[in-house]
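# Inside the fold
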Amino acid sequence: MEEKVHDGLLFDFYGELLTEKQQEIYRDYAFEDLSLSEMAEEFQMSRQGISEMIHRVTRLLRGYEEKLGLLSEYTRIQALAKEIAESDSLEFCHSKAEEIMKQL
């Protein structure tokens, strides 16, 4: 998975754990694709300050995933659901559903 997409998904899962300002800056960086200069002007910060904030937030989001693993678990369950949806075997579907239920 592309790194920026992965980090955007991490923001979807863990963004509420960030401060409001961290959320705004990261949202502008990840989803609005604003330049550091544009963001520095908007938030009345230096470009360096914006860059450091983005790196700090990225480390926070990755740290949350390392500890909680919500995105990994979501991805795993999504892959199992895709296998079930694509299968023609009722027995296979049943065994995969049981596998998901055991791990919840």
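For the structure given in this document, a descriptive report is provided here. This one's a predicted model, so the numbers in the text were calculated from it and none came from an experiment. The numbering scheme is per chain: residues are counted from 1 as the chain's sequence reads. Per-residue local features of the predicted model are confined to residues with pLDDT of at least 70, and side-chain atom pairs are confined, for both listing and counting, to 80 or more; whole-chain, interface and lining totals are unaffected and use all residues. Side-chain calculation: all heavy atoms of the structure are included, whereas hydrogens and water are not.

## Examining helix α1 (residues 3-14)
When the terminal C-alpha atoms of α1 are compared, their 16 Å separation across 12 residues agrees well with the 16 Å that a helix rising 1.5 Å per residue should span. When α1 is considered as a whole, its buried residues turn out to be Asp7, Gly8, Leu10, Phe11 and Tyr14. For α1, the angular spread of buried residues about the axis comes to 155 degrees, placing them on one side. By the criteria applied, helices consist of DSSP H or I runs no shorter than four residues and strands consist of E runs no shorter than two, each listed in order from the N terminus. In this scheme, a helix's expected span is set at 1.5 Å multiplied by one less than its residue total. Partly exposed residues are those whose accessible area sits between 20% and 50% of the maximum for their type, while under 20% is buried and over 50% is exposed, using a 1.4 Å probe and protein chains only. The arc in question is formed by the directions pointing from the helix axis toward the C-beta atoms.

## Side note on unusual backbone geometry
We note that Asp33 has phi near 55 degrees; this positive angle belongs to a residue other than glycine. Checked against the element boundaries, Asp33 lands in the loop between α2 (20-30) and α3 (36-43). Looking at Asp33, the relative accessible area reads 58%, which means it is exposed. Residues other than glycine seldom take positive phi values, yet Gln44 does so here, at roughly 55 degrees.

## Regarding the packing of aromatic side chains
Side-chain rings of Phe, Tyr and Trp (the six-membered ring for Trp) are treated as a pair once their centres are within 6.5 Å; stacked means planes under 30 degrees apart, edge-to-face means over 60, and tilted covers the remaining angles. Considering all chains together, one arrives at six aromatic pairs under this definition. Ring centres of Phe11 and Phe31 lie 5.7 Å apart, and the angle between their planes is 55 degrees; this geometry places the pair in the tilted category. Note that Phe11 is positioned in helix α1 and Phe31 in the loop between α2 and α3, a separation of 20 residues in sequence. When the ring of Tyr14 is compared with that of Tyr64, the centres are 5.9 Å apart and the planes differ by 45 degrees; the resulting orientation is tilted. Of this pair, Tyr14 sits in helix α1 while Tyr64 sits in helix α4 (residues 47-68), placing them 50 residues apart in sequence. Each residue in the set Phe11, Tyr26, Tyr29 and Phe31 is aromatic and connected to the rest through ring pairs, giving one cluster. A cation sits over an aromatic face here: Lys4 above Tyr29, 4.7 Å from the ring centre. Comment: the charge-over-ring label is applied if NZ (Lys) or CZ (Arg) is within 6 Å of the ring centre and within 35 degrees of the ring normal.

## A few points about the packing of α1 against α4
Two elements in contact, α1 and α4, have axes whose closest approach is 9 Å; the angle formed by their N-to-C orientations is 70 degrees. One element, α1, and the other, α4, form an angle in the roughly perpendicular class. Facing Glu3, Asp7, Leu10, Phe11 and Tyr14 of α1, the residues of α4 in contact are Thr58, Leu61, Arg62, Tyr64, Glu65 and Leu68. Residues of the contact of α1 with α4, tallied by class, amount to six nonpolar, one polar and four charged. Axes, fitted as lines to C-alpha atoms, cover a helix only where it is in contact. Angles between the N-to-C directions of the axes lie from 0 to 180 degrees. Reported orientations rely on four angle classes, namely roughly parallel under 35 degrees, roughly antiparallel over 145, roughly perpendicular from 65 to 115, and oblique for the rest. In what follows, residue pairs with any heavy atoms lying within 4.5 Å of each other are defined as contacts. Amino acid classes used here: Ala, Val, Leu, Ile, Met, Phe, Trp, Tyr, Cys and Pro are nonpolar; Asp, Glu, Lys and Arg are charged; the rest, including Gly, are polar.

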